Amino acid sequence: MLELSAVQSGYGETQVLYGLSLEAKQGRVLAILGRNGAGKSTTLKTIMGLLPLKSGEIVFDGKPIASRPFDVAKSGIAYVPETRDIFPSLTVRENLEIAAKRFGAAGSGWTMARVLELFPRLGERLDNGGTQLSGGEQQMLAIARALLMNPRLLILDEPTEGLAPIIVKLIHDKLNELKTEGLSMIIVEQNFGFATSLADDVVVVGRGQVVWTGSAEEIRADQAAQHTWLGV
Ligand SMILES: Nc1ncnc2c1ncn2[C@@H]1O[C@H](COP(=O)(O)OP(=O)(O)OP(=O)(O)O)[C@@H](O)[C@H]1O
């Protein structure tokens, strides 16, 4: 579904990705793991067109991916950044409506009612401003907003960062529901247990390249790889 081949990218003069290749498959969850600064977020930003592709290729559903973020989103990839990027001056309802209006295909897939069914907590907070939400509620809103774009691929950057264990469990269960429904996902995570219990496939990034590829079961069983690449 999404294939990166020999991708080089970075920030201005600073190169971060040195020939990174990976594949996210249809109907599966891919976890991208790696130590701080390995290049995981940079990989996601390059996919989304937020950083320029210096060389290499990114192919989505058989075609080269769009280069501008809006067009990447339009093509069916929704991205939940590490910063969540809730509009702070808008209410929960307004945050959701913007996504639904801009990207939602009328009458198909995800609707406001369906995302509120997934996250009832948001239904109780519809008139609250973005800044009045807890970290967990912001993450729920960011995911709900991404779903309203009716993506074929959902990309999440560290969805559990800074969240209390009970909210981490809730987010885990919701993402698991989405997985069961067949939604393809890429998840960047520092939380090894969270990532490997959701993922089918795993790649580990180290210094801007993929250094390990296998299944979630394989990395859970491979203590040497965990130690070498993740410091677990
Ligand atoms: N805006 C930026 N300008 C310059 N360099 C950056 C910028 N953002 C990140 N970097 C550098 O790029 C490298 C990779 O960062 P990246 O955010 O992709 O790491 P990561 O694997 O996602 O880890 P983390 O868990 O810390 O986010 C790091 O060395 C980081 O310092």
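Residue numbers restart at each chain and count upward from 1, following the sequence in its written direction. In view of the model being predicted, local features appear only for residues whose pLDDT reaches at least 70, and side-chain atom pairs are presented and counted only at 80 or more, with totals across whole chains, interfaces and linings using the full set of residues.

## Structural notes on the overall build of the protein chain
Reasoning step 1: A run of DSSP states H or I qualifies as a helix once it reaches four residues; a run of E qualifies as a strand once it reaches two. Both are numbered from the N-terminal end. When helices and strands are counted, the protein chain shows 10 helices and 10 strands.
Reasoning step 2: The quantity called the radius of gyration is restricted to C-alpha atoms. Its globule counterpart is 2.2 Å times the number of residues to the power 0.38. Its C-alpha atoms give the protein chain a radius of gyration of 17 Å, within 12% of the compact-globule value 17 Å for 232 residues.
Reasoning step 3: With the C-alpha coordinates aligned to their principal axes, the bounding extent of the protein chain is approximately 45 × 35 × 30 Å.
Reasoning step 4: With C-beta atoms placed from the backbone, a contact is any residue pair whose C-beta atoms sit within 7 Å. The contacts in the protein chain between residues at least 6 apart in sequence include a share of 67% that link residues at least 24 apart.

## With respect to the domain arrangement of the protein chain
Reasoning step 1: Boundaries of every domain are those given by an automatic assignment or by a domain database. Segmenting the protein chain into domains produces domain 1 (25-51 + 67-76 + 153-232) and domain 2 (86-151).
Reasoning step 2: Computed from C-alpha atoms alone, the centre-to-centre distance between domain 1 and domain 2 is 22 Å.
Reasoning step 3: Facing the 11 residues of domain 1 at the interface are 8 residues of domain 2.
Reasoning step 4: At the level of elements, β7 (153-157) and α7 (165-180) are the ones that each hand at least two residues to the side of domain 1 that touches domain 2.
Reasoning step 5: Considering every element that reaches the side of domain 1 that touches domain 2, the biggest residue donor is α7, with 3 residues.

## Description of the environment of V92
Reasoning step 1: In this fold, V92 is placed in helix α3 (residues 92-103).
Reasoning step 2: Exposure criterion: with C-beta atoms placed from backbone coordinates, a residue whose C-beta has 20 or more other C-beta atoms within 10 Å is buried, one with 12 or fewer is exposed, and one in between is partly exposed. Overall, the presence of 28 C-beta atoms within 10 Å leaves V92 in the buried class.
Reasoning step 3: Spatially, the C-alpha atoms of V92 and N191 are 27 Å apart, while their sequence positions differ by 99 residues.
Reasoning step 4: Excluding its chain neighbours within four sequence positions, the residues that come into contact with V92 are L122, R125, L126, N128 and L141.

## Observations regarding the sheet that holds strand β5 (residues 63-64)
Reasoning step 1: Here, a strand pair is defined by DSSP locating no fewer than two bridges between the strands. What the 4 strands build is an open sheet, ordered β2-β1-β4-β5; its pairing is antiparallel. Looking at which strands have only one partner, the edges of the open sheet turn out to be β2 (14-24) and β5.
Reasoning step 2: In the packing of helix α1 (residues 40-47) onto the sheet, contacts are made with β1 (2-11), β2 and β4 (53-60), and the angle to β2 comes to roughly 75 degrees. Only the stretch in contact is used when fitting a helix axis, every axis being a line fitted to C-alpha atoms; angles between N-to-C directions are given from 0 to 180 degrees.

## Observations regarding the site of the ligand
Reasoning step 1: Any residue whose C-beta atom, as placed from the backbone, lies within 6 Å of a molecule or strand is termed near it. Near the ligand you find Y11, T14, V16, G34, N36, G37, A38, G39, K40, S41, T42 and Q190, and these make up its full shell.
Reasoning step 2: For the shell around the ligand, the secondary-structure elements that each account for two or more residues are β2 and α1.
Reasoning step 3: At 3 residues, α1 tops the list of elements feeding residues into the shell around the ligand.
Reasoning step 4: Note on residue categories: nonpolar means Ala, Val, Leu, Ile, Met, Phe, Trp, Tyr, Cys or Pro, charged means Asp, Glu, Lys or Arg, and polar means any other residue, Gly included. Of the residues in the shell around the ligand, the class split is 3 nonpolar, 8 polar and 1 charged.

## A closer look at the confidence of the model for the protein chain
Reasoning step 1: Every residue carries a pLDDT, the predictor's confidence in it, which falls somewhere between 0 and 100. When pLDDT is averaged across the protein chain, the result is 92; 97% of the residues are at 70 or more.
Reasoning step 2: In the model of the protein chain, α3 stands out as the element of lowest mean pLDDT, 84, in contrast to strand β3 (residues 29-33), which has the highest, 98.
Reasoning step 3: Taken over the whole predicted complex, pTM reads 0.93, whereas the ipTM for its chain interfaces reads 0.93.

## Comments concerning the environment of K101
Reasoning step 1: Inspection of the secondary structure assignment puts K101 in helix α3.
Reasoning step 2: Take K101: there are 10 C-beta atoms within 10 Å of it, and that puts it in the exposed class.
Reasoning step 3: Here the alpha-carbon distance between K101 and D85, two residues 16 residues apart in the chain, equals 18 Å.

## Focus on α1
Reasoning step 1: Counting buried positions over the 8 residues of α1 gives 7, a clear majority of the element.
Reasoning step 2: For α1, every residue scored as buried is listed here: K40, T42, T43, L44, K45, T46 and I47.
Reasoning step 3: G49, located one to two residues past α1, shows a positive phi value of around 80 degrees.

## Focus on the pairing of strand β8 (residues 184-188)
Reasoning step 1: When you tally the buried positions in β8, you get 5 out of 5 residues, the bulk of the element.
Reasoning step 2: Where burial is concerned, the two faces of β8 agree: the one with S184, I186 and V188 and the one with M185 and I187 are both buried.
Reasoning step 3: With 4 bridges joining them, β3 and β8 adopt parallel strand pairing. The residue of β8 that forms the bridge with A31 is I187.
Reasoning step 4: The pairing of β7 with β8 spans 5 bridges and is classified as parallel.

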